[in-house]
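Examining the three-dimensional arrangement
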Amino acid sequence: MKNMNPADILKNIQKHAEKSLATSLLEGVATRESIDYICRCTSNRSGVRLIMACLLAKLDKPDVDPRKPYTEIGSDDCFSGRSYDEQYLTAFIHANRLPVNATTAFLTPTLRNINQPLTTGRELIGRPRELYNNALKILEDVALQRIPANVVLTEIVRVLITIRNEQDARMDSLLRSIKHGEGSLPLSSEDIVTLIKQHLACKHASRLPVLVVAAAYQAAGEKLAEYIRPLHGHNAADLQTGALGDIELCLAGENKTVTAYEMKMKQVTRDDIDHAVNKIAKASCQVDNYLFVTTDRIDPMVAEYAASFYEKTSGTEVAIIDCIDFIRHFLHLFHRIRTDYLNAYQGLVLNEPDSSVSQALKEAFLALRKEAESD
């Protein structure tokens, strides 16, 4: 791939992968199975980005060793895997909606702060162990010229496109099955509460409480004359964003936060209250409500402690609300737009990046809704 920059190399790889979606490009069964495992490992998506970055560097600069993606190694054949990852892979992955991590693999705990080659004799502390063992074996096979880098990278992209297409097909099927039920009796408010409760009970659902509350204001915002500021990323820290909470509400026509929501999938503590009060004190404008929404039990003593800050903050109410109680009350209060709420929640869930709401969680919601509407 002479005279091609990394972005062009990736485009060329994609074209070849698209042409051979039905057939693997690798002859060796073991390597083929290893790549399939790495690409389909939903519990850890960093392994595939690691290999892609190293192979891209090898194709861009044939003299580098794909096992040395750290400039700290100091040899002539090392390179910055993170640079290839962030500068080229991120755009390529987003443009093609490939099912891998949205951010670089080289900032994960397993892969950062390394200054030695990633050889098969090296023990990487990460789970699942098989993922990293397979990844190191593939990098070694390329380094020792047992398999060409371009063939391996093309195979990886082929498998990722296949997985993406499989996911799209499942989502389309679920969405069509839901639309076929339109026109029938809509779900009751209590049916929707049950549906949301089931979804919250799924694994890795920490982002969902934010969407539960956000959907309420998306559905009823005009009636309330309030709007939500754009949601911050799931893992964005308040110190980075300057946010008061996970959700911030403004009055229509104004640009100051009047209500902030902080979501917790655990018990709210006094420390949480103190941290919130500190943010309220530093806010540029008066906040009317600072509300914690939790999926866990509410400690009466902590709730009483929160309520004590109304006078101390000169008029900001701090309170703790149960997540299910919140949505139950909202749906009965705005009973006639309950389906609007459900559609808003669905839209938010499906539009979240997979790093915040996994593909499995998205499919789980559609399957739960399909089941609820078919009963």
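In what follows, the accompanying structure is described. Small disclaimer: the values here were computed from a predicted structure and weren't measured.

The secondary structure content of the chain amounts to 15 helices and five strands. In terms of principal-axis extent, the alpha carbons of the chain reach across some 70 × 50 × 35 Å. Classification of the 375 residues of the chain by burial places 47% in the buried group. Sequence-distant contacts in the chain: of pairs separated by 6 or more residues, those separated by 24 or more amount to 71%. Carbon and sulfur atoms provide 49% of the accessible area of the chain, an area that totals close to 19000 Å². Looking at charge distribution, the chain has the averaged site of its 44 positive side-chain charges lying 4 Å from that of its 49 negative ones.

Below, the discussion takes up the pairing of strand β2 (residues 247-251). Counting buried positions over the five residues of β2 gives four, a clear majority of the element. For strand β1 (residues 226-228) and β2, the ladder comprises three bridges, and the chain directions are antiparallel. Each bridged residue has a counterpart across the sheet, and for Y227 the counterpart in β2 is C250. Alignment of β2 against strand β3 (residues 257-264), held across four bridges, turns out to be antiparallel. By the bridge assignment for β3, I247 is matched with Y261. Counting the residues that bridge the hairpin from β2 to β3 gives five residues, and of these G253 lies at a positive phi of roughly 85°.

Judged by pairing direction, the sheet is mixed, and its five strands sit side by side in the order β1-β2-β3-β4-β5 without closing on themselves. Looking along the sheet, the strands with just one partner apiece sit at the ends: β1 and β5 (317-322). Averaged over all adjacent pairs, the angle separating strand axes in this sheet is 25°, with direction ignored. Sheet topology note: the β3/strand β4 (residues 289-294) ladder contains six bridges and is parallel. Note that in β4 the partner of K264 across the bridge is T294. Packing of helix α10 (residues 270-282) onto the sheet brings it into contact with β3, β4 and β5, and relative to β4 it is tilted by some 150°. Packing of helix α13 (residues 323-333) onto the sheet brings it into contact with β3, β4 and β5, and relative to β5 it is tilted by some 90°.

On the secondary structure map, R369 appears in helix α15 (residues 359-374). Separated by 2.8 Å, the side chains of R369 and E373 make a polar contact. Discounting residues that sit within four places of it in the chain, R369 has contacts with I178, L195, L342, N343 and Q346.

Okay, empty space enclosed by the protein next. For the coordinates displayed, the defined rule picks out one cavity of 30 Å³ or more. Reported here for the largest cavity is a volume of approximately 30 Å³. For the largest cavity, the full set of lining residues is R229, P230, L231, H232, G245, D246, I247 and E248. By residue class, the composition of the lining of the largest cavity is three nonpolar, two polar and three charged.

Turning our attention to the environment of I138. Inspection of the secondary structure puts I138 in helix α5 (residues 129-143). Taking relative accessible area as the criterion, I138 reaches 2% and is therefore assigned buried. Through-space distance from the C-alpha of I138 to that of A214 is 44 Å; in sequence the pair is 76 residues apart. Contact partners of I138, with chain neighbours within four places excluded, come to S34, I35, I38, I51 and V152.

Turning our eyes to something else, we now look at the pattern of salt bridges. Scanning the entire structure with this criterion turns up 20 salt bridges. Measuring nitrogen to oxygen at the nearest pair gives 2.3 Å for the salt bridge that ties D85 to R49. Here the residue D85 occupies a position in helix α4 (residues 81-96), and R49 occupies one in helix α3 (residues 46-60), the gap between them amounting to 36 residues. Like D85, the residue R49 is buried in the burial classification. Close ionic contact of D65 with R67 constitutes a salt bridge, the shortest N to O distance being 2.9 Å. The burial state of D65 is the same as that of R67; both residues are buried.

So, how was this worked out
- Residues numbered from 1 in each chain as written.
- Predicted model: local features only at pLDDT ≥ 70, side-chain atom pairs only at ≥ 80, totals over all residues.
- Heavy atoms only, no water.
- Helix = DSSP H or I, 4+ residues; strand = E, 2+ residues; numbered from the N terminus.
- Buried < 20%, exposed > 50% of the residue type's maximum accessible area, 1.4 Å probe, protein only.
- Contact = heavy atoms within 4.5 Å.
- Areas by Shrake-Rupley, 256 points an atom, 1.4 Å probe, with all protein chains shown as cover.
- Lys, Arg positive; Asp, Glu negative; His and termini not counted.
- Charge placed at Lys NZ, Arg CZ, Asp CG, Glu CD.
- Pairing = 2+ DSSP bridges.
- Axes fitted to C-alpha atoms, helices over the stretch in contact; angles between N-to-C directions.
- Polar contact = N/O pair within 3.5 Å; in protein donor to acceptor, adjacent residues only side chain to side chain.
- 1 Å grid on protein atoms, 1.4 Å probe; cavity = no way out; pocket = protein on both sides within 12 Å on 5 of 7 lines; lining within 4 Å.
- Points joined across faces, edges and corners; volume = space filled by probe spheres on them.
- Nonpolar A, V, L, I, M, F, W, Y, C, P; charged D, E, K, R; others polar.
- Salt bridge = Lys/Arg side-chain N within 4 Å of Asp/Glu carboxyl O.

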